[in-house]
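Chain residues, written in single-letter form:
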Protein chains: 2
Amino acid sequence: MTQQVLYCNNVDATLNNIIEGGNYNAVMVLVDTNTHKLVLPKLPCLRRAHIIEITPGDDNKNLDSLVHVWQLMHNAGATRKSLLVNVGGGSVTDLGGLAAATFKRGIAFINIPTTLLAAVDAAVGGKTGINFNGLKNEIGVFALATSVIVSTCFFHTLPPKELKSGYAEMIKHAMLRSQKHFFELLDFDLGKIDKNKLLELIRSSVKTKEDIVNQDPTEQGLRKALNLGHTVGHALESLAMEHGKPVPHGYAIAWGLVTEAVISHMTLGFPSDDLYILARFVHDNYGAPAVTCDHYDRLISFMQHDKKSSNGEINCTLLKKCGDFTIDNTIPPDTMKTALDILRDLMGV
Amino acid sequence: MTQQVLYCNNVDATLNNIIEGGNYNAVMVLVDTNTHKLVLPKLPCLRRAHIIEITPGDDNKNLDSLVHVWQLMHNAGATRKSLLVNVGGGSVTDLGGLAAATFKRGIAFINIPTTLLAAVDAAVGGKTGINFNGLKNEIGVFALATSVIVSTCFFHTLPPKELKSGYAEMIKHAMLRSQKHFFELLDFDLGKIDKNKLLELIRSSVKTKEDIVNQDPTEQGLRKALNLGHTVGHALESLAMEHGKPVPHGYAIAWGLVTEAVISHMTLGFPSDDLYILARFVHDNYGAPAVTCDHYDRLISFMQHDKKSSNGEINCTLLKKCGDFTIDNTIPPDTMKTALDILRDLMGV
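The structure displayed is predicted, hence computed values, not measured ones. (Residues numbered from 1 in each chain as written. Chains lettered and ligands numbered in written order. Predicted model: local features only at pLDDT ≥ 70, side-chain atom pairs only at ≥ 80, totals over all residues. Heavy atoms only, no water.)

Student: I'm lost on the environment of A:Met175 in this one. Help?
Tutor: All names here are of chain A. Take Met175: it is sitting in helix 6 (residues 160-177). The spatial distance from the C-alpha of Met175 to the C-alpha of Leu278 is 9.9 Å, given a sequence separation of 103 residues. If we skip the residues at most four places from it in the chain, Met175 touches Phe182, Leu228, Leu257, Ala261, Phe270, Leu278, Leu319, Cys322 and Gly323. (Helix = DSSP H or I, 4+ residues; strand = E, 2+ residues; numbered from the N terminus. Contact = heavy atoms within 4.5 Å.)

Student: Please clarify how the side chain of A:Asn315 should be interpreted in this entry.
Tutor: Residues and elements named next belong to chain A. Relative to the helices and strands, Asn315 is located in strand 9 (residues 314-321). With relative accessibility at 15%, the residue Asn315 sits in the buried group. Separated by 2.8 Å, the side chains of Asn315 and Asp328 make a polar contact. Ignoring any residue separated from it by four or fewer positions in sequence, one finds Asn315 in contact with Thr231, Lys308, Ser309, Asp328 and Asn329. (Buried < 20%, exposed > 50% of the residue type's maximum accessible area, 1.4 Å probe, protein only. Polar contact = N/O pair within 3.5 Å; in protein donor to acceptor, adjacent residues only side chain to side chain.)

Student: In this structure, what is going on with the interface of chain A and chain B? I would like to understand it.
Tutor: By a frequent convention, interface size equals the accessible area lost on bringing the separate parts together. Contact residues are listed per partner, giving 24 residues for chain A and 24 residues for chain B. Where chain A packs against chain B, one counts 4 salt bridges. Close ionic contact of A:Glu138 with B:Lys104 constitutes a salt bridge, the shortest N to O distance being 2.9 Å. The tally of links between chain A and chain B comes to 14 residue pairs in polar contact (both at pLDDT 80 or more). Secondary structure elements with two or more residues in the side of chain A that touches chain B: helix 3 (63-75), helix 4 (90-102) and strand 7 (135-139) of chain A. When residues in the side of chain A that touches chain B are grouped by element, the largest group, 5 residues, is from helix 3 of chain A. (Salt bridge = Lys/Arg side-chain N within 4 Å of Asp/Glu carboxyl O.)

Student: What's the story with the sheet that holds strand 3 (residues 50-54) of chain B in this structure? I'm lost.
Tutor: All names here are of chain B. Taken together, 6 strands build an open sheet; the order of strands is 1-8-5-4-2-3 and the sheet is parallel. In this open sheet, the two edge strands, each paired with only one partner strand, are strand 1 (4-7) and strand 3. Geometrically, the sheet is characterised by an average inter-axis angle of 20° between neighbouring strands, direction not taken into account. Two strands pair when backbone bridges link them, and strand 2 (residues 27-32) and strand 4 (residues 83-88) are joined in this way by 5 bridges, in the parallel orientation. Directly across from Leu30, in strand 4, lies its bridge partner Asn86. Across the sheet, helix 1 (residues 11-22) touches strand 1, strand 2, strand 4, strand 5 (108-113) and strand 8 (147-150), and the angle it forms with strand 8 is around 165°. The strands touched by helix 4 (residues 90-102) within the sheet are strand 2, strand 3, strand 4 and strand 5, with strand 4 carrying the most contacts at an inclination of about 165°. (Pairing = 2+ DSSP bridges. Axes fitted to C-alpha atoms, helices over the stretch in contact; angles between N-to-C directions.)

Student: Teacher, can you tell me more about the packing of helix 9 (residues 230-242) of chain A against helix 12 (residues 296-304) of chain A here?
Tutor: Between two packed helices, the angle of one axis relative to the other and the distance separating the axes together describe the packing. All names here are of chain A. Close contact between helix 9 and helix 12 brings their axes to 9 Å; oriented N to C, the two are set at 120°. As judged from the angle between their axes, helix 9 and helix 12 are oblique. The interaxial crossing formed by helix 9 with helix 12 has right-handed handedness. Contacts between helix 9 and helix 12 involve Thr231, Val232, Ala235, Leu236, Ser238, Leu239 and Glu242 from the former and Arg298, Leu299, Phe302 and Met303 from the latter. (Parallel < 35°, antiparallel > 145°, perpendicular 65-115°, else oblique. Left-handed = near helix turned anticlockwise from the far one by under 90°.)

In structure tokens, the structure reads:
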């Protein structure tokens, strides 16, 4: 990956250095209504930048917003030597990355994630996209930000739910990396956050993602490892959405990680001790999903139609142990149902 | 470049081989109304492909058409393992390339150029795009087709003007390559085309482009060599458009090549013999541009606002001799006016 990821507490100075060194003929900043109000005032180096604002939320990560960004970049007189700075959560970095990557066949962009989820997931690794036709990230490209500036200094305005949502992706990375990292993550107190410690945990989390992405930037194979927890997680997320009671992405992923660890235990001998430690942490921090056995068929149908599946089979990344994963495992529906039973048991449903 | 360019007379068999070997779960073909009627019947290997049709012409290389293609790919159930075959001129390959490169972050596509201009220019080298806000190719990405199938077998339905238009880009490539190729091109009889000979000339023309693109795929520097003739050519094209009397792209490029050869002679000693041979060929095959000295200021304004210019200066690729080029030359307006005087003289205006 030729993407530079910088970890710091002084975002303005870091960003200013990059801009000064870049010789850009125009600088634009993409914000949503929230980051415009809360974050932009903390970045005085952007005071002369052209501001492009979009409505917050994944619902607005759509074609209309993309065209709006293109239009305002055009109005700002952007050329190939201009820079777009994306300041926000995953919706902003996904949309802004796509807008920059497609404007005049690609201009430079910098991501400044303002949520934990964006810092450890959306903002690094080069995936950009918008939703289209009701499908998430249906339109997009792989395009690396020139730089990503990761800081915990914006997180104090995040609701605890948002922080936990991002933390689930960090647990996933730790499980893909090693038991040591896994334990380190589960030892951290989410109720009383030490920001310096969190920044260090984020650094090793992003490192895990970078190591995998570097080996397979366009998701031909290995990168699917990052799908751990997501086959079940996405299905739980879709079910909750369908019932009009949406859950944060990371909560669904946390339950997905437990379920897929159960399947890993059943089929590959993933250690039961680690499974129980994970289940306890998820139960204590994320509560339980609203699932009964009446929902199993619908959940399995979601899994069979997941973007990562092919031929209508359920495709999961599984673990022999933390740090030892295998991609492209086909899971029989009955095995999945048993795992969902055990998930509900472990979560006390 | 990892792009495979195949030269053949049996396009259907060649395409069929690629499709059979590719294990695609869906094949779609993008055509315009013309290639749907005239070319698709000659490609029986596509008889079960999902057909996506757009309206012909550069005017329709726009966002509406792009969304239409995305929508029909979605309706066809396209996944990352699907294939889009673009059959048409530059508008089709530019639009189809962008649609494929942005669908689910990129699916495979094959270009089958049906015009000489697309064969030697648009379909190879990875530039894709649509027009936006009145600007050509304002939105796009660099994305290589998996394969490009080049054949002269579709050209018999092309009007002579279309053929000549493409041929101007071939002359440009020859001038960038060597005097030998330059002479070879100008010796060819455009009035009475030998198709086998033409296919060989196309092959060496595309080779020249590939060699340059390989060294600089995203146009950071060297690739600007391919802009030879285009600073003046685009200005002449824009002027003609503004006067309501549009000229084919390649005609404007042919006159641009003469003008920029004049400047090359004035400033870098490009041989006058080669200049006169070029001027004669262009005069005989492309006629003269409708330009008087009253248009010079407008032409210069177009050149100063060209996509490749920066800081409002006129930027040209120039030649010391055929095969020896320099990029990023700044041309003073007075020099340009003198060169336009000489162009008019050479073309007998």
